[in-house]
Amino acid sequence: MSNTVQILFGLFGGLAVFIYGMNMMSECLQKAAGEKMKAVLALLTKNPVLGVLAGALTTAVLQSSSATTVMAIGFVSAGLMTLPQAISIIFGANIGTTMTAQIIAFKISDYIFLIIFVGFLISFLSRSERIKNIGLTIFAFGLLFLGIDTMGSVMQPLANSPVFTELFDKVSDIPVLGVLTGTVMTLVVQSSSATIAVLQNFAIQPGADGVSSVIGLTGAIPILLGDNIGTTITAVLASIGQPRNAKRTAAAHCIFNVSGCLLFIWFIRPFAAFIQMISPKGPEVEVISRQIANAHTTFNIVMTLIWTPLLFVMVKLVMRLIPDKKEGEGDPAEPVYLDDRLMAQPAAALQLAAKEILHLAFLVGEQLHLTTGMVRRKEEGQPAAGIEQRERLKGLGGKITEYLSGLFSAGVLTEEQAAQTAGVMYLLGDVERMGELCVDVTLAIEDRDRRKTKYSKEAMKDLEKSLKVIEDMYGVALQVLTTGDEESARKIRKKKEKVLDLDIEMRKGHMDRVSKGKCATEMTGPLNDILHAIDRMGNCCVNIADAALDKVDLNYFNATGSPEELTAKE
């Protein structure tokens, strides 16, 4: 096998181990953090400075600014976050992603296999899920450095290659070439952390004098600037097919990095001198990795300090680039908030699922109100419309269930999150059942006008009274879901007793009217079916309130707003 092939295999193999280790570390850190991720996400609703902090912390956990950016785009498209909040998250994500470069700059080659072994032991011997995930994080951390070490060893022959030496001399003299090189590398790999790791490894290779770097800091900085531009492609791809605010968030990410490149490219030598001043001193090949990491961090901190006070300018700029456009109304029974791209971030995905369940609950509430109105106003309806509504509600519920099942199959949930997801699915089942029963009652009432015999006025009045109680119960159940108010839950149980009393009174009243000839005997069966459905609707309301208090973490639903706010947004 030729040296060139061996170098290519070693480079791509080391890069693969590095990216795998980085992704594994991200997943295990998330599991170890568990529900603490929600505390970070809670900062998103505060001011821009806290938004920057939340973006930095989230990226530090996820080990990927691209993942944080995709999360911000998903949240802004779901309405969980405003455009200014999302943009401030992007600013923080650019700072948080520099942690990887800072970690890589540590020289721990002699301890790589010890770290891998310790991580393996902890994960293998521990019975605690959290400790096991910490062990896997350490194991992944070792893999990350194993990949770096592999790339570094195969790059040594390249440092003596006249072709590469001449190429990097040109990059130092013509910074635009370095920017283009970094941009293309990151576009291909889809990870600025990976391409910066490659850059750091190549930069530590000694030149002809054995002391200076083969590329030097002034040659590395343009490539670093290009890496920052290339990473924006992930945000652009994530925004395709999303609402306009999501596209604006991606545009803000591009503007942040491109404007930084356009600013810093004119000051590469002074910038390099400043980085050398604040970095550790020593032979260039020994300190340049840290210098590149410091340049990466300084670039993003400076651009964040520039843009954070000018957040309103950024918002106006992206609003002008992507103006509002009148769009047709979509199908209200289609998922509005679910985003498959956030499956890898379960804390965020569960919030979107909670938001979607409230969307479904809102549609069910509309159907319940329509059913009560039909009885009150004695309006006629079309059976086909009721059947269509049943299928729409059932379809939306099925898509939410599929999304939650996807979280289980992705293997990203902690035990606590898995229990929460199961509780959310339990609650979803009652919301779906409530919708189906609503449609059942609607169809039964619509069918009255196609019969030769009809319900009496007294029967319709009793039905209206029962449905009104159910409507009140359902509204209170959603209130319990978003507030966790135990007193409201007790009210629902009392109202359920009232529904039972009304059921008994209606059955007695009907039989009395049958005996007096006011109601036809053949109406007894259909009326019993309606009353049974109403009784089950009352049970669903009680179940929703009980699940909200016992099986579900209400923080997921609190983050989505109250039923009144949800109604207003819809």
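In this text, all values refer to a predicted model and were calculated from it rather than measured experimentally.

Here we come to the overall build of the protein. Within the protein, the regular secondary structure consists of 25 helices and zero strands. Per-residue burial over the protein gives 55% buried out of 570 residues. Taking the contacts inside the protein whose residues are at least 6 apart along the sequence as the reference set, 82% of them involve residues at least 24 apart. Accessible surface computed for the protein: about 25,200 Å², of which carbon and sulfur atoms make up 61%.

What follows is about the nonpolar core. Soluble globular proteins: nonpolar side chains tend toward being buried together. Ranked by internal contacts, the top residues of the largest apolar core, which has 79 residues, are V431, M434, Y474, I492 and M537. Residue contributions to this core peak at 14 residues, all from helix α18 (residues 346–377). With near-sequence residues (within four places) excluded, M434 lies in contact with V364, L368, I470, Y474, M537, C540 and C541. Core analysis: the next-biggest nonpolar cluster, separate from the first, contains 43 residues, I215, L224, I288 and M303 among them.

Moving on: a positive patch on the surface. Taken together, the side chains of K457, K461, K465 and K498 make up a positively charged region of the molecular surface. A total of three residues in the positive patch trace back to one element, the largest contributor, which is helix α21 (residues 457–483).

Evaluated as defined, the whole model comprises five aromatic pairs. Centre to centre, the rings of F264 and F271 are 4.8 Å apart; their planes meet at 70°, and the pair counts as edge-to-face. Looking at F264, the relative accessible area reads 9%, which means it is buried. Judged by its relative accessible area of 7%, F271 is buried. Plain terms: the ring middles of F264 and F299 are 5.0 Å apart, the flat faces sit at 65° to each other, and that makes the pair edge-to-face. You can see F264 sitting in helix α14 (residues 244–264) and its partner F299 sitting in helix α16 (residues 284–307), a full 35 residues away along the chain. The two residues F264 and F299 agree in class, both being buried. Among the aromatic residues, those joined into a cluster by ring pairs are F264, F271 and F299. Its end group placed over the ring of F106, R290 keeps NZ or CZ at 4.4 Å from the ring centre.

Next up on the list: the packing of helix α5 (residues 83–96) against α14. Between α5 and α14, whose axes approach to 9 Å, the crossing angle comes to 35°. For the pair α5 and α14, the crossing hand works out as right-handed. Listed contacts from α14 to L83, A86, I87, I90, F91 and N94 of α5 are N245, R248, T249, A252, H253, F256 and N257. In the contact of α5 with α14, the residues fall into seven nonpolar, five polar and one charged.

Attention now moves to the side chain of T232. Along the chain, T232 turns up in helix α13 (residues 232–239). Judged by relative accessible area, which is 6%, T232 ranks as buried. Leave out the neighbours within four places in its chain, and T232 touches H253, C254 and N257.

All right, on to helix α15 (residues 268–278) then. Given 3.6 residues per helical turn, the α-helix brings residues three or four places apart onto the same face. Inspection of α15 places I268, F271, A272 and I275 among the buried residues, and these make up the whole buried set. Taken end-on, α15 shows its buried residues confined to a sector of 100°, consistent with a single buried face. The outward face of α15, more than 90 degrees from its buried face, is lined by the exposed residues R269, P270 and M277. On its buried side, α15 packs onto α10 (175–189), α12 (217–230), α14 and α16.

Thresholds, definitions, all that
- Residues numbered from 1 in each chain as written.
- Predicted model: local features only at pLDDT ≥ 70, side-chain atom pairs only at ≥ 80, totals over all residues.
- Heavy atoms only, no water.
- Helix = DSSP H or I, 4+ residues; strand = E, 2+ residues; numbered from the N terminus.
- Buried < 20%, exposed > 50% of the residue type's maximum accessible area, 1.4 Å probe, protein only.
- Contact = heavy atoms within 4.5 Å.
- Areas by Shrake-Rupley, 256 points an atom, 1.4 Å probe, with all protein chains shown as cover.
- Core = buried A, V, L, I, M, F, W, Y, C linked by side-chain atoms within 4.5 Å.
- Patch = residues over 30% accessible without salt bridge, like charges linked within 9 Å, V, L, I, M, F, W, Y side chains within 5 Å.
- Salt bridge = Lys/Arg side-chain N within 4 Å of Asp/Glu carboxyl O.
- Lys, Arg positive; Asp, Glu negative; His and termini not counted.
- Charge placed at Lys NZ, Arg CZ, Asp CG, Glu CD.
- Phe/Tyr/Trp six-rings, centres within 6.5 Å; stacked < 30°, edge-to-face > 60°.
- Lys NZ or Arg CZ within 6 Å of the ring centre and 35° of its normal.
- Axes fitted to C-alpha atoms, helices over the stretch in contact; angles between N-to-C directions.
- Left-handed = near helix turned anticlockwise from the far one by under 90°.
- Nonpolar A, V, L, I, M, F, W, Y, C, P; charged D, E, K, R; others polar.
- Arc of directions from axis to C-beta.

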